[in-house]
Amino acid sequence: MPTALSILDLASIAPGRTARDSFDNSVALARVAERSGYRRVWYAEHHNMRSIASSATSVLIGHVAAHTDTIRLGAGGIMLPNHSPLVIAEQFGTLETLYPGRIDLGLGRAPGSDQKTMFALRRDPASADSFPKDVLELQGYLTGNSRVPGVQAVPRAEGVVPLYILGSSLFGAQLAAQLGLPYAFASHFAPDALHQAVAVYRDNFRPSEQLAEPYVMAGVNVFAAEDHDAAAEQKAIAYRARARAMIRRGAAGAEFTDAEIDAFLASPNGSQLSAMTRYTAVGTPAEVRDYLADFAGSIGADELIVAHHATEIDDRLRSVELTGAAIAADEPVVR
């Protein structure tokens, strides 16, 4: 499996736990990933979600970087229309200055929130339309080639802060190809356009100063355990919790049994929610390795960014270890 392996850490806040617990878990996960040979850990910008603690994404990256040594860390991603490109350039220039050679910047154009939160962020609904221009403006600040006369990002790191375009549709694929940037597809929760988007990206790629050839990353969910049944149970618990959280958005205070949640997910009404996690590897290390190899091969992925979802942190850390060891044992692996 000649594919690099990385992690998307959703910085989840488990029921009955705190955001501080989540940050401690993120440090522990990054340390395990560092020891287990993963290339990078990314954190995503979400807002107004009680179960996700990565809203101040650059702050979390800095915290984890201070408690690790070598692994790359970054945003997967920053929702750029929520921000001024100059502010993001300053934040990531600071991170790269403090932790040289370890910082990535993935960029998306979604709000990372609901409509009410989008307005609370002072975001114009049309701001996504300027995403391509904002990416170029940000790139100019990071490289010392500002597109705004008289304005520079300070500090600007001596090293490179590589940019990645994130997406779940053909728009991101086309933009990444046009700008000659790596492309990361969010197939861990939006699988439908994966193969078409990757084909569009490769067919239209133009080499750039950052990247000579197309580079494809794809998201996939993982539950790995020594025993298949244990991994399957972790998956059932995690995906039930996810379904409950989504249902409660429209039915605050409602309570549902496990049997009711399972019946909903198996119903026509719940099929769309179930389909969002179509790409999920579950089982023993060997089973997970084989699934990831088939998945990567189906799109020729250069890198997989895996999301380990076990609810209990000990199970999540073990899943990270087992998956890393299984992939490392299956030579050759690009590091």
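Our subject is the structure listed above.
As the structure is a prediction and not an experimental result, all values here were calculated from the model.

Let us now look at the packing of aromatic side chains. Tallied over the entire structure, the rule returns six aromatic pairs. Geometrically, the ring pair formed by Phe223 and Tyr239 is edge-to-face, given 5.4 Å between the ring centres and 85° between the ring planes. Taken as a pair, Phe223 in strand 7 (residues 216–224) and Tyr239 in helix 8 (residues 228–248) lie far apart in primary sequence, 16 residues in all. Each member of the pair, Phe223 as well as Tyr239, is classed as buried. Arranged with centres 4.9 Å apart and planes meeting at 55°, the rings of Tyr279 and Phe295 form a pair that is tilted. Pair noted here: Tyr279 is in the loop between helix 10 (271–275) and strand 8 (280–283) and Phe295 is in helix 11 (residues 285–299), with a separation of 16 residues, a long-range link.

Here we come to the nonpolar core. In this structure, Phe92, Leu105 and Leu292 are the most contacted members of the largest nonpolar core, which totals 84 residues. When residues in this core are grouped by element, the largest group, six residues, is from strand 7. Residues within four places of Leu105 in sequence aside, it is in contact with Ala75, Ile78, Ile88, Phe92, Leu138, Leu142, Val161, Pro162, Leu163 and Tyr164.

Moving on, we come to the side chain of Arg316. Looking at the element boundaries, Arg316 is found in helix 12 (residues 313–328). The buried charged residue Arg316 lacks any salt bridge, with Asp9 as its nearest oppositely charged partner at 5.4 Å. Polar side-chain contacts of Arg316 include one of 2.7 Å to the backbone oxygen of Ala310. Leave out the neighbours within four places in its chain, and Arg316 touches Ser12, Asn25, Leu29, His308, His309, Ala310 and Thr311.

Turning to the packing of helix 11 against helix 12, a few remarks are in order. Between helix 11 and helix 12, whose axes approach to 9 Å, the crossing angle comes to 65°. Seen from above, helix 11 lies across helix 12 with right-handed handedness. Seen from helix 11, the contacting residues are Pro285, Val288, Arg289 and Leu292; seen from helix 12, they are Leu322, Thr323, Ala326 and Ile327. Each residue belonging to the contact of helix 11 with helix 12 can be placed in one class, and the counts come to six nonpolar, one polar and one charged.

Per the counting criterion, the structure on display carries 13 salt bridges. One salt bridge in this structure joins Arg244 and Asp258, with 2.6 Å as the shortest N-O distance. Taken together, the positions of Arg244 in helix 8 and Asp258 in helix 9 (residues 258–266) put the pair 14 residues apart, joining distant regions of the chain. You can call Arg244 buried: its relative accessible area is 15%. Between Glu321 and Arg318 there is a salt bridge, with its nearest N and O atoms 3.0 Å apart. Note that Glu321 and Arg318 are positioned in helix 12 at a spacing of three residues, about one turn of the helix. Judged by relative accessible area, which is 29%, Glu321 ranks as partly exposed. Under the relative-accessibility criterion, Arg318 is labelled partly exposed at 35%. One connected set of salt bridges, linked through shared partners, spans Arg39, Arg40, Arg72, Asp104 and Glu303.

For Gly76, the location among the structural elements is in strand 3 (residues 72–79). Note on Gly76: relative accessible area 14%, which makes it buried. When the C-alpha atoms of Gly76 and Glu45 are compared, they prove to be 7.6 Å apart, with 31 residues separating the residues in sequence. Those residues in contact with Gly76 that sit more than four places away from it in its chain are Leu8, Trp42, Tyr43, Ala44 and Leu166.

Parameters at a glance
Residues numbered from 1 in each chain as written. Predicted model: local features only at pLDDT ≥ 70, side-chain atom pairs only at ≥ 80, totals over all residues. Heavy atoms only, no water. Phe/Tyr/Trp six-rings, centres within 6.5 Å; stacked < 30°, edge-to-face > 60°. Helix = DSSP H or I, 4+ residues; strand = E, 2+ residues; numbered from the N terminus. Buried < 20%, exposed > 50% of the residue type's maximum accessible area, 1.4 Å probe, protein only. Core = buried A, V, L, I, M, F, W, Y, C linked by side-chain atoms within 4.5 Å. Contact = heavy atoms within 4.5 Å. Lys, Arg positive; Asp, Glu negative; His and termini not counted. Salt bridge = Lys/Arg side-chain N within 4 Å of Asp/Glu carboxyl O. Polar contact = N/O pair within 3.5 Å; in protein donor to acceptor, adjacent residues only side chain to side chain. Axes fitted to C-alpha atoms, helices over the stretch in contact; angles between N-to-C directions. Left-handed = near helix turned anticlockwise from the far one by under 90°. Nonpolar A, V, L, I, M, F, W, Y, C, P; charged D, E, K, R; others polar.

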